Amino acid sequence: MKRLNNDLGLAILRIAPSALMLFHGIPKFQKLIGGDFSFADPIGIGETPSLFLAVIAEFVCPILIIIGYKTRWSTIPLIITMAVAAVIVHGADPFDVKEKALVYLFWFIGILFVGPGKYSLDRK
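Residues numbered from 1 in each chain as written. Predicted model: local features only at pLDDT ≥ 70, side-chain atom pairs only at ≥ 80, totals over all residues. Heavy atoms only, no water.

Student: It is not clear to me how the pattern of salt bridges should be interpreted in this structure. Could you clarify?
Tutor: Oppositely charged side chains may form a pair once their charged atoms are brought near each other. Counted according to the given criterion, the structure contains two salt bridges. Close ionic contact of E58 with K28 constitutes a salt bridge, the shortest N to O distance being 2.8 Å. Of this pair, E58 sits in helix α2 (residues 47–67) while K28 sits in helix α1 (residues 2–33), and the two are 30 residues apart along the sequence. The residue K31 makes a salt bridge to D36 at a minimum N-O spacing of 3.4 Å. Assessed through its relative accessible area of 36%, D36 is described here as partly exposed. (Salt bridge = Lys/Arg side-chain N within 4 Å of Asp/Glu carboxyl O. Helix = DSSP H or I, 4+ residues; strand = E, 2+ residues; numbered from the N terminus. Buried < 20%, exposed > 50% of the residue type's maximum accessible area, 1.4 Å probe, protein only.)

What follows is the structure, encoded as C-alpha cells:
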C-alpha cells in the first residue's frame, strides 16, 4: 500500500505543476505560431530566441513531464526558465511577485531529484 501511495504521489507531483505550467506556455506557443515574435529579452539573446526557449520550457517540456517521457531532462529547461524569471525578470520585485516562479523552480528541482515514478513512460 505504501508503494502505491508513493507512486500516486509522484504522479500527482509530476503532473500537477506541469499542467499548471501549460497555462503559461500555451499563450506563448500561440504567439509563436501566430508570427508575433515580440517578447522580453531578459538574458540578452534577442526577443525571438527568448520566446522560442520559453515555448520549449513552458509548453513542450511540461507535456513531456506529464506523460513521463525524459522527465528529468525535461525539468532542466523549466528550472532554468524559472530561475531566470525569479532572479532576473522579477529580481527587483517584492517577494510576493517572484514567489510563483520560486514555487515552480523548487517543484521542478524536486521532480529532477525524485524522478517520474512508476506511472510514466520512463518506467516502461
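Student: Whenever I open this one, the packing of α2 against helix α3 (residues 71–89) confuses me. Can you help?
Tutor: For any two helices packed against each other, one specifies the crossing angle of their axes together with the interaxial distance. Close contact between α2 and α3 brings their axes to 9 Å; oriented N to C, the two are set at 150 degrees. By the angle between their directions, the pair α2 and α3 is classed as roughly antiparallel. As for the relative orientation of α2 and α3, their crossing is left-handed in sense. Taken together, the residues of α3 that come into contact with α2 (itself represented by A57, E58, C61, P62, L64 and I65) are T71, S74, T75, P77, L78, T81 and M82. Tallied by class, residues from the contact of α2 with α3 come to eight nonpolar, four polar and one charged. (Axes fitted to C-alpha atoms, helices over the stretch in contact; angles between N-to-C directions. Parallel < 35°, antiparallel > 145°, perpendicular 65-115°, else oblique. Left-handed = near helix turned anticlockwise from the far one by under 90°. Contact = heavy atoms within 4.5 Å. Nonpolar A, V, L, I, M, F, W, Y, C, P; charged D, E, K, R; others polar.)

Student: Looking at this model, I keep getting lost on the layout of surface pockets. Mind explaining?
Tutor: Taking a probe equal in size to a water molecule and rolling it over the atoms shows the remaining empty space. Looking at the largest pocket, its volume works out to about 590 Å³. What lines the largest pocket is a set of 27 residues, and nearest its centre among them are E58, T81, M82, V84 and A85. Sorting elements by how many residues they give to the lining of the largest pocket places α3 first, with seven residues. (1 Å grid on protein atoms, 1.4 Å probe; cavity = no way out; pocket = protein on both sides within 12 Å on 5 of 7 lines; lining within 4 Å. Points joined across faces, edges and corners; volume = space filled by probe spheres on them.)

Student: It is not clear to me how the side chain of K98 should be interpreted in this structure. Could you clarify?
Tutor: Relative to the helices and strands, K98 is located in helix α4 (residues 95–114). Although K98 is buried, it makes no salt bridge; D93 carries the closest opposite charge, 7.3 Å away. (Lys, Arg positive; Asp, Glu negative; His and termini not counted.)

Student: Got a minute to help me understand the side chain of T75 in this structure?
Tutor: Position of T75 among the secondary structure elements: in helix α3. Classification of T75 as buried rests on a relative accessible area of 0%. Within the structure, the side chain of T75 is placed 2.7 Å from the backbone oxygen of R72, a separation counted as a polar contact. Apart from the residues within four sequence positions on either side, T75 is in contact with I65, F108, I111 and L112. (Polar contact = N/O pair within 3.5 Å; in protein donor to acceptor, adjacent residues only side chain to side chain.)

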